[in-house]
Amino acid sequence: AIRIRTGSGGKNAGSIALAVGSSAASQSGGAFTATAGSSTATASSGGDAAITAGAGTSQGGSVQLRAGQSLLNGGDAVLLSGMGGEQSGAVAVRSGNSAGASGNVMVQSGTAAIGSTGSVSVGSGDSDSGSGGSVAVRVGKSHSGVSSLDLSAGNFASISLAQDRAVFATSGSK
């Protein structure tokens, strides 16, 4: 195993910066790749990759994954689970649990000064032999207070519900 770490400090611990050089003459800057190990043994698992921010007594550290910016088109940010012969991996985006209030989760396209903003699509994949996956939008239960589900469209926009079989809309608890 190889371990790279800074020393601890009474006030501030040291930082580590890994960077790839820029290019003025080439078509692109250098690439940066971090890959966990693979295994080809029977019934084995590939190595895990983890990016974890530090813990703190008043606030934990943040994790930010950001694609590069450009004068023309910004870079893409892709979060993709692994392919599998029987089943692909799952993708979970959620805020952490808390004894107080849990954090918000926001999925939103950016604003645009000129031109249109990007669309946001939520959907399940198609299936050639099984059934398509379900899409559920659920408001959490509460012992106090009122929860709400809001569907709103901006100026010159509309909301439509299209279905092949049925659309179920429920309010309150069952």
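Quantities reported herein were computed from a predicted structural model and do not represent experimental measurements. (Residues numbered from 1 in each chain as written. Predicted model: local features only at pLDDT ≥ 70, side-chain atom pairs only at ≥ 80, totals over all residues. Heavy atoms only, no water.)

Caption draft 1: Fine view of the overall build of the chain. For the chain, the helix and strand inventory stands at zero helices and zero strands. Within the chain, buried positions represent 1% of all 174 residues. Counting only contacts in the chain whose residues sit at least 6 apart along the sequence, the fraction spanning at least 24 positions is 0%. Of the roughly 17,400 Å² of accessible surface on the chain, a fraction of 48% belongs to carbon and sulfur atoms. (Helix = DSSP H or I, 4+ residues; strand = E, 2+ residues; numbered from the N terminus. Buried < 20%, exposed > 50% of the residue type's maximum accessible area, 1.4 Å probe, protein only. Contact = heavy atoms within 4.5 Å. Areas by Shrake-Rupley, 256 points an atom, 1.4 Å probe, with all protein chains shown as cover.)

Caption draft 2: Focus on the environment of Val91. Residue Val91 is classed as partly exposed on the basis of its relative accessible area, which comes to 48%. For the pair Val91 and Leu79, spaced 12 residues apart in sequence, the C-alpha to C-alpha distance is 8.1 Å. When near neighbours in sequence (up to four residues on either side) are disregarded, Val91 contacts Leu79 and Ser81.

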